[in-house]
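# Fold and contact review
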Amino acid sequence: MKPGFSLMKHYLQFKDFRAEEYAYLFERARVIKQRFKNYERYQPLTDRTLAMIFEKASTRTRVSFEAGMYQMGGSVVHLTTGDSQLGRAEPIEDSARVISRMVDIVMIRTFEQTKIERFAAHSRVPVINGLTNEFHPCQILADLLTYLENRAPVHARGYDLDCLKGKVVAWVGDGNNMANTWLQAAEILGFTVHVSTPSGYEVDPKVAGISRSDCYKVFKDPLEACRGAHLVTTDVWTSMGYEAENAERLKAFADWCVDAEMMAVAQPDALFMHCLPAHRGEEVSAEVIDGPQSVVWDEAENRMHVQKALMEYLLLGRIG
Ligand code: CP
Ligand code: NVA
């Protein structure tokens, strides 16, 4: 932590921050991204170390955190279940006590949310959720930054988050970690999520951790969920950790493929997003993900910019 900066925060779910903190973070992400694009060195985290703990696979999360930390002047330690004592039943609390004495910040990708909460409760340094069964807040940060880049006016103090108010995000697919995090974002930032899942895969507001029921509407028919939407988004039918259900899910989700017909009933300028990895022909058609409304590559890149802003905020507080 910065000397004299004593208010330690973790980022374990989207609702850990307030709307006004998001306005700050997105503005920092915009500035940090601009510096990166201009090849300007920006190294506020020199001599800081990030520990990344992966209990599930990753491409984007690993590369974005690792590249981002090096670009900001810091360094990274990469741990997995298989190559650390985490896989040999060392208690999560003991791991947290030890790891957090040696590094400045920790990112964890794991299974149950309770695991990351237990780690954070015993950590001396900020902990970031890099995906759990219940939530994926860093991905929604990137998704919102991507939406703002495409649709929000930039004022003197940054993106106008009011442009999100009243907007509709269509969620087509599994009521999973991404869906739960979208619901939290909607509750905080004032938009509505139209959720369509096969039966048996619904979102559960208790698991999603939301308190208001007006931030989402449930639709049986995915086409109806997309009608009038400003953003259409989906995710894999089978998330990591649920592979044993794959055959069953392939059948249950067959009608939950975002295709041109669904995009056609959304707003004419609706964006398409997917956190990736994608399976063309399953949750999205190739025509949509590779089509003109898709912003998935910017969305993936923005993981890095917004997480740099997040790490800066957690370690240094507000700049300026
Ligand atoms: N979207 C996302 O988190 O990708 P990875 O699983 O590759 O990290
Ligand atoms: N819902 C997916 C997201 C992958 C980035 C999963 O948890 O596997």
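Above this text you will find the structure in question.
Residue indices begin from 1 for each chain and proceed along its sequence in written order. For this description, chains carry letters from A and ligands carry numbers from 1, given in the order in which they are written. Totals for whole chains, interfaces and linings use every residue, but because this is a predicted model, local features are given only for residues with pLDDT of at least 70 and side-chain atom pairs only at 80 or more, for both listing and counting. Only hydrogens and water are set aside; all other atoms, that is, all heavy atoms of the structure, feed into the side-chain values.

### Brief notes about the overall build of the protein chain
Quick note on the threshold: For helices the rule is a DSSP run of H or I covering at least 4 residues; for strands it is a run of E covering at least 2, with both sets numbered from the N terminus onward. Only C-alpha atoms enter the radius of gyration, while the globule expectation follows 2.2 Å times N to the 0.38, with N the number of residues. Each residue is placed in one exposure class: buried if its accessible area under a 1.4 Å probe, protein chains only, is under 20% of its type's maximum, exposed if it is over 50%, and partly exposed if it falls in between.
Helix and strand counts for the protein chain stand at 12 helices and 11 strands. For a compact globule of 320 residues, the expected C-alpha radius of gyration is about 20 Å, and the protein chain comes in at 19 Å, within 12% of that figure. Projected onto its principal axes, the C-alpha coordinates of the protein chain cover approximately 55 × 50 × 35 Å. A burial count over the protein chain gives 56% of its 320 residues as buried.

### Comments concerning the pairing of strand 11 (residues 271-274)
We apply this condition: Strands pair, by our definition, only if DSSP identifies at least two bridges between them.
Burial along strand 11 is two-sided: the face carrying L271 and M273 and the face carrying F272 and H274 are both buried. Pairing analysis gives four bridges linking strand 10 (residues 231-234) to strand 11, with the strands arranged parallel. In the sheet register, T234 faces strand 11, and the bridge partner there is H274.

### A few points about the site of ligand 2
This is how the line gets drawn: What makes a residue near a molecule or strand is one non-hydrogen atom of that residue sitting within 4 Å of it. Counting of polar contacts relies on pairs of N or O atoms within 3.5 Å, with two restrictions inside protein: one atom must be capable of donating a hydrogen and the other of accepting it, and residues adjacent in sequence are counted only when both atoms are side-chain atoms. Here the accessible surface of atoms and residues is derived via Shrake-Rupley with a 1.4 Å probe, and residues count as covered only by protein chains that are part of the display. Gly counts as polar in this scheme, as do all residues outside two lists: the nonpolar Ala, Val, Leu, Ile, Met, Phe, Trp, Tyr, Cys and Pro, and the charged Asp, Glu, Lys and Arg.
As a structural note, the neighbourhood of ligand 2 is formed by L131, N176, N177, D235, V236, S239, M240, C275 and L276. A distance of 2.8 Å separates an oxygen atom of ligand 2 from a polar atom in the side chain of N177. One of the backbone N or O atoms of M240 is found 2.8 Å from an oxygen atom in ligand 2. The protein chains hide 95% of the 270 Å² of surface that ligand 2 would expose on its own. Of the residues assigned to the shell around ligand 2, the class counts are five nonpolar, three polar and one charged.

### Notes on the environment of W237
Within the secondary structure layout, W237 lies in the loop between strand 10 and helix 9 (246-252). Given the relative accessible area of 7%, W237 is considered buried. A sequence separation of 61 residues divides W237 from N176, and the C-alpha atoms of the two residues are 9.3 Å apart. Polar side-chain contacts of W237 include one of 3.4 Å to the backbone oxygen of W256.

### Re the sheet that holds strand 2 (residues 75-80)
To keep things clear, this is the line we draw: Every axis corresponds to a line fitted to the C-alpha atoms, with the helix fit spanning only the stretch in contact, and the corresponding angles, defined between N-to-C directions, vary from 0 to 180 degrees.
The sheet built from four strands is open, its strands ordered 2-1-3-4 with parallel pairing. Sheet topology places strand 2 and strand 4 (127-129) at the edges, where each strand pairs with a single neighbour. The mean inter-strand angle of the sheet, taken between neighbouring strand axes irrespective of direction, is 20°. The pairing of strand 3 (residues 105-109) with strand 4 spans three bridges and is parallel. Looking at the pairing, M107 lines up with I128 of strand 4.

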